[in-house]
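# Fold and geometry: a report
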Amino acid sequence: MDFEFTEAQEAFRKEVRAWLERHVPYDLRGKAFAASRADRDEVARLRAWQKTMYEAGYCAMDWPREFGGRSASLVEQIILYQEMARAESPQFVNRGGLSMLGPTLMKYGTPEQQTRFLRKILTAEDLWCQGFSEPNAGSDLANLQTRAVIDGDAFVINGQKVWTSMGHVADWCFLLVRTDPDAPKHKGISFVLVDMKTPGITVRPLRQITGEAEFNEVFYDNVRVPRANLVGRLHGGWEVAITTLAYERDLLTFIRHISLKNALHRLMRLARERGRGDDEVVRQKIAGLYIGEQALMLNGYRSLTRILRGGAPGPEGSTSKLFWSQVDQELALTASEMLGPYSQLKRGPAWAPDEGQWEFYELLARASGIRAGTSEILRNILGERVLGLPKD
Ligand SMILES: Cc1cc2nc3c(=O)[nH]c(=O)nc-3n(C[C@H](O)[C@H](O)[C@H](O)COP(=O)(O)OP(=O)(O)OC[C@H]3O[C@@H](n4cnc5c(N)ncnc54)[C@H](O)[C@@H]3O)c2cc1C
């Protein structure tokens, strides 16, 4: 692609930059790279921020106009992300909705589902969570056992999900259920949309190493879901889920990259402030991270180009997720090493660097190689489905 920006694109950059300068809320700007998705108040502020961005025309700019986006070009999209990182804006809070469910509904949803759900994803009025994993179905997702039985015009759902991020604050969940227990395991699954306020749903937060409870166990006990909430074919949910996961590993990683870029800028600033900028080891590590971040960004551009040209993420999108998790963990570790004992200070004491966000970042980064597919599984996918290596 051509990396030169036209006059019109530079004018767009100026417009976005000025708008972000005026609008990024002060209390979120400081938390650009480690915003909490567990704390209800912070989630409420992040929701309001997404709505403000949507109203200004800056949320999901790449979505087609008919679905509430701007059908923006790749370059405009890139400029927006660059400027969001520069302004230390947090990512969009409804990222499961924006980057996973939205594109899935555009491909598999009925016109009624598209009308009902897409706009409220953009405004963050409906916050979405992802109900895929179960106690015995993580990497082996097709082993899921949560059952849905058809009763009149409804599915009746029974079972348990786990690791449901933001389940405690979400309004809706995109859920995988087993609708045909006698079919081979990939063939008996359906993809349904569930209102989290439906009677029979119990959400139990799980405390994580960060000290927060961002994800949850969710129990479904005779939960009735209208049949109209089925996405794609009955028993055809695996195909739909693969699309959703491909978007998660590819497009969502690109969006996560905003936090990573923010963290890298903060790290560089800290190195200068603490007089570590001349330390050869620190310089080398930061240079390595910078190169990694640029490679991630360019790979993201490649994916976005393919998507905007009408394509869809494929198994090669796993490269982004795999590489992002490595850079993310490396960055967290470099920060901890550079800050020494100060890196362990939580939010609170005045001498906690960046209000304790590094302690949170380092602990959260442990999860980067697990969420959205573990690194081992992504290597298997890349080996078998992209490089064509034998399964054994
Ligand atoms: C922070 C965080 C947020 C999450 N949010 C959500 C969410 O919102 N919704 C949701 O549905 N899920 C969510 N998950 C769950 C996540 O998708 C799973 O944790 C992940 O798929 C791994 O599944 P598991 O935990 O059951 O581990 P397992 O599948 O039991 O894996 C255990 C270990 O064995 C390895 N392993 C397993 N099979 C193979 C194999 N065939 N070859 C080589 N190695 C293998 C794995 O790589 C891993 O190291 C989240 C996880 C985290 C950490």
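Details of the structure are given in the entry above.
Let me sum up the structure you'll find in this document. Every value quoted in this text rests on a predicted model; they were computed, and no experiment measured them.

## So, the packing of aromatic side chains
By the definition in use, this model includes 12 aromatic pairs. Look at Phe 117 and Trp 128: their rings are 5.5 Å apart centre to centre, the planes differ by 75°, and that puts the pair in the edge-to-face class. Remark: Trp 128 occurs in strand β1 (residues 128-131) and Phe 117 occurs in helix α6 (residues 111-122); sequence separation between them is 11 residues. Measuring from ring centre to ring centre gives 4.9 Å for Phe 117 and Trp 172, while their planes differ by 75°; the resulting arrangement is edge-to-face. Separated by 55 residues along the polypeptide, Phe 117 in helix α6 and Trp 172 in strand β4 (residues 172-178) bring together distant segments of the chain. In terms of burial, Phe 117 and Trp 172 fall into one category: buried. Chaining the aromatic ring pairs together yields one cluster made of Phe 117, Trp 128, Phe 132, Trp 172, Phe 174 and Phe 191. Positioned above the aromatic ring of Phe 5 is the side chain of Arg 13, whose terminal nitrogen or guanidinium carbon lies 4.9 Å from the ring centre.

## Notes on the side chain of Thr 243
Here Thr 243 is to be found in helix α7 (residues 237-273). Exposure remark for Thr 243: the relative accessible area of 11% places this residue in the buried category. Of note is the side chain of Thr 243, whose polar atom sits 3.5 Å from the side chain of Tyr 108. Aside from chain neighbours lying at most four places away, what touches Thr 243 is Thr 104, Lys 107 and Tyr 108.

## Remarks on unusual backbone geometry
Of note, the phi angle at Glu 88 is positive, near 55°, even though the residue is not glycine. Summarising the element assignment, Glu 88 is placed in the loop between α4 (74-86) and α5 (95-108). What makes Glu 88 buried here is its relative accessible area of 10%. Positive phi is not limited to glycine here, since Ala 372 has a value of about 60°. Take Ala 372: it is sitting in the loop between α10 (357-365) and α11 (375-386). Judged by its relative accessible area of 12%, Ala 372 falls in the buried class.

## Focus on the packing of α7 against helix α8 (residues 280-308)
Where α7 contacts α8, the axes come no closer than 9 Å and their chain directions differ by 150°. In terms of orientation, α7 lies roughly antiparallel with respect to α8. Considering how the two elements wind past one another, α7 and α8 form a crossing that is left-handed. When its residues are assigned to classes, the contact of α7 with α8 shows 17 nonpolar, four polar and four charged.

## Concerning the site of the ligand
In the region of the ligand, 16 residues are neighbours, and Ser 133, Ser 139, Trp 163, Thr 374 and Glu 376 sit closest. Backbone polar atom of Trp 163 to a nitrogen atom of the ligand: 3.0 Å apart, as the coordinates give it. The separation between a nitrogen atom of the ligand and a polar side-chain atom of Ser 165 is 2.8 Å. For the ligand, whose free accessible area comes to 980 Å², the fraction covered by protein is 65%. Counting residues per element, the ones that place at least two in the shell around the ligand are β3 (154-165) and α11. For the shell around the ligand, the residue count by class is six nonpolar, eight polar and two charged.

## Observations regarding empty space enclosed by the protein
Summed over the entire model, instances satisfying the criterion amount to five cavities of 30 Å³ or more. Here the second largest cavity is characterised by a volume of approximately 100 Å³. Taken together, Ala 60, Asp 62, Trp 63, Gln 77, Tyr 81, Phe 92, Leu 98, Ser 99, Leu 251 and Ile 255 make up the lining of the second largest cavity. Those elements that place two or more of their residues in the lining of the second largest cavity are α4, α5 and α7.

## Considerations on the pairing of strand β5 (residues 189-195)
In terms of burial, β5 is largely enclosed, as six of its seven residues are buried. The pairing of β4 with β5 spans seven bridges and is antiparallel. Paired with Val 177 across the two strands is Ser 190, which belongs to β5. As defined by bridge partners, β5 adjoins strand β8 (residues 230-231) across two bridges and the pair is classed as antiparallel. Within the sheet, the bridge partner assigned to Val 192 lies in β8 and is Leu 230.

## A few points about the nonpolar core
Within the largest apolar cluster, 68 residues are counted, with the highest numbers of intra-cluster contacts made by Leu 20, Met 53, Phe 191 and Leu 193. The element contributing the most residues to this core is α7, with 10 residues. Residue contacts for Leu 20: discarding those within four places in its chain leaves Arg 29, Trp 49, Met 53, Glu 83, Met 84 and Ala 87. Counting 20 residues, the second largest nonpolar core, distinct from the first, contains Leu 260, Ala 263, Val 327 and Ala 365.

Calculation rules
- Once a new chain begins, its residue numbering starts again from 1 and follows that chain's sequence as written.
- Confidence filtering applies because this is a predicted model: local features only for residues at pLDDT of at least 70, side-chain atom pairs given and counted only at 80 or more, and all residues used for totals across whole chains, interfaces and linings.
- Only hydrogens and water are set aside when side-chain values are computed; all heavy atoms of the structure are taken into account.
- For Phe, Tyr and Trp, rings pair up if their centres lie within 6.5 Å, where Trp contributes its six-membered ring, and each pair is then called stacked (planes under 30 degrees apart), edge-to-face (over 60) or tilted (otherwise).
- In this text, helices come from DSSP runs of H or I with a minimum length of four residues, and strands from runs of E with a minimum of two, each type numbered from the N-terminal end.
- Exposure is judged per residue with a 1.4 Å probe applied to protein chains only, and the accessible area is read against the type maximum: over 50% gives exposed, under 20% gives buried, and values in between give partly exposed.
- Here, a charge over a ring is recorded when the distance from Lys NZ or Arg CZ to the ring centre is within 6 Å and its angle to the ring normal is within 35 degrees.
- Polar contact is the term for a pair of N or O atoms within 3.5 Å; when the atoms are in protein, one must be able to donate a hydrogen and the other to accept it, and sequence-neighboring residues count only if both atoms are side-chain atoms.
- Contacts are residue-level and defined by heavy atoms, with any inter-residue pair within 4.5 Å sufficient.
- For every element, the axis is a line fit to its C-alpha atoms; helices are fit only across the contacting stretch, and the angle between N-to-C directions ranges from 0 to 180 degrees.
- Each angle receives one of four descriptions, namely roughly parallel if under 35 degrees, roughly antiparallel if over 145, roughly perpendicular if within 65 to 115, and oblique otherwise.
- Crossing handedness is read from the near helix: turned anticlockwise from the far helix by less than a right angle, it gives a left-handed crossing, and turned clockwise, a right-handed one.
- Following the grouping adopted for this structure description, the nonpolar residues are Ala, Val, Leu, Ile, Met, Phe, Trp, Tyr, Cys and Pro, the charged ones are Asp, Glu, Lys and Arg, and the polar ones are all others, Gly among them.
- For this purpose, a residue is taken to be near a molecule or strand whenever a single non-hydrogen atom of the residue falls within 4 Å of it.
- The Shrake-Rupley method, run with a 1.4 Å probe sphere, supplies the accessible areas, and residue values consider only the shown protein chains as cover.
- Every definition here rests on a 1 Å grid over the protein atoms only: cavities are sets of points where a 1.4 Å probe fits but cannot get out, pockets are open sets enclosed by protein on both sides within 12 Å along at least five of seven lines, and lining residues have some atom within 4 Å of a point.
- Grid points are joined across faces, edges and corners, and a volume is the space filled by probe spheres set on the points.
- Any two strands between which DSSP finds at least two bridges are classified as paired.
- By nonpolar core is meant a set of buried Ala, Val, Leu, Ile, Met, Phe, Trp, Tyr and Cys residues that side-chain atoms within 4.5 Å join together.

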